[in-house]
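# Notes for the structure review
The lines below spell out each chain.
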Amino acid sequence: MKDNGGELIVDVDEARAAATLTNKLMDDLRVRRGRRDKFAVRVQDTVIKNAKEAVEHERDSVTGLLLSSVMRRNVAERLTNGEQGTIVVLDMVGLKHFNTFSPEIGNKGLTIVAKVLREFGFAELGRKGDEFYGFIIGIDEVEFRTKFRDFIRSKQAADKLT
């Protein structure tokens, strides 16, 4: 496989990551199937590294959380095995506003939210865009809301939400 600069990608994992990234970009941009042979992406080393890590580890490259599809698969397995719990979807309202300053600021916001959610103790935690998905074992929705509200209030009181 070659990038659009004509450089040959010889590492199999890098080629797979580049192909996956290119296909995702084509899907996101809604490139028609007949025109895909004319679509090219310049593959940078950092993009290859991040894409490779995401493909191999099934994790989001910004936060390190599971990709939402992997998280859903894991939760489905848990439910099939008889575990009970609550699935939570949390939307990071205002991410687009942060990204108007710079993508780095938006990424920092995502990282902070991911860190706080990890500390809460979800059994599974994933992300897609500005949405975070969590699965917590053994409590219902009402109990989750109470515990999560108390958790966030304790973080605010201790000034530990950053």
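To start, this report covers the structure provided alongside it. (Residues numbered from 1 in each chain as written. Predicted model: local features only at pLDDT ≥ 70, side-chain atom pairs only at ≥ 80, totals over all residues. Heavy atoms only, no water.)

### What to know about the packing of aromatic side chains
Tallied over the full model, the rule gives seven aromatic pairs. Between the aromatic rings of Phe120 and Phe122, the centroid separation amounts to 5.3 Å while the plane-to-plane angle is 55°, which identifies the pairing as tilted. Judged by its relative accessible area of 11%, Phe122 falls in the buried class. Feature note: the residues Phe120, Phe122, Phe144, Phe148 and Phe151 constitute an aromatic cluster, connected by ring pairs. (Phe/Tyr/Trp six-rings, centres within 6.5 Å; stacked < 30°, edge-to-face > 60°. Buried < 20%, exposed > 50% of the residue type's maximum accessible area, 1.4 Å probe, protein only.)

### Looking at the nonpolar core
The biggest cluster of nonpolar side chains holds 17 residues, and the ones touching the most others in it are Leu117, Phe120, Phe122, Phe132, Ile136, Phe144 and Phe148. Take this core: its biggest share by element is five residues, from helix H5 (residues 103–120). Counting six residues, the second-largest nonpolar core is a separate cluster that includes Val70, Met71, Val75 and Phe135. (Core = buried A, V, L, I, M, F, W, Y, C linked by side-chain atoms within 4.5 Å. Helix = DSSP H or I, 4+ residues; strand = E, 2+ residues; numbered from the N terminus.)

### Considerations on the sheet that holds strand S2 (residues 85–91)
Spatially, four strands are ordered S1-S3-S4-S2 in an open sheet, and the strand pairing comes out mixed. Two strands lie at the open edges of the sheet, namely strand S1 (66–67) and S2, each paired on one side alone. As judged from the seven bridges shared by S2 and strand S4 (residues 131–137), these two strands associate in the antiparallel manner. Residue pairing across strands places Asp91 opposite Glu131, the latter belonging to S4. Across the face of the sheet, H5 comes into contact with S2, strand S3 (124–128) and S4 while running at roughly 5° to S4. (Pairing = 2+ DSSP bridges. Contact = heavy atoms within 4.5 Å. Axes fitted to C-alpha atoms, helices over the stretch in contact; angles between N-to-C directions.)

### Some remarks on the packing of H5 against helix H6 (residues 141–157)
Two elements in contact, H5 and H6, have axes whose closest approach is 11 Å; the angle formed by their N-to-C orientations is 120°. When the axis of H5 is compared with that of H6, the two are oblique. In terms of crossing hand, the pair formed by H5 and H6 is right-handed. Contact with H5, carried on its side by Val116, Leu117, Glu119 and Phe120, involves Phe144, Lys147, Phe148, Phe151, Ile152 and Lys155 of H6 and no other residues of that element. For the contact of H5 with H6, the per-class residue count stands at seven nonpolar, no polar and three charged. (Parallel < 35°, antiparallel > 145°, perpendicular 65-115°, else oblique. Left-handed = near helix turned anticlockwise from the far one by under 90°. Nonpolar A, V, L, I, M, F, W, Y, C, P; charged D, E, K, R; others polar.)

### Focus on the environment of Val62
Mapped onto the secondary structure, Val62 falls in the loop between helix H2 (45–57) and S1. Taking relative accessible area as the criterion, Val62 reaches 30% and is therefore assigned partly exposed. C-alpha separation for the pair Val62 and Leu110, spaced 48 residues apart in sequence, amounts to 7.6 Å. Apart from the residues within four sequence positions on either side, Val62 is in contact with Asn107, Leu110, Thr111 and Arg127.

### As for helix H3 (residues 68–80)
Taking 1.5 Å per residue, 13 residues should reach 18 Å; H3 reaches 18 Å between its end C-alpha atoms and fits that length. Among the residues making up H3, those that are buried are Ser68, Val70, Met71, Asn74 and Val75. Projected down its long axis, H3 carries its buried residues within an arc of 155°, all on one side. Packing partners of the buried residues in H3 comprise S1, S2, S3 and S4. (Expected span 1.5 Å × (residues − 1). Arc of directions from axis to C-beta.)

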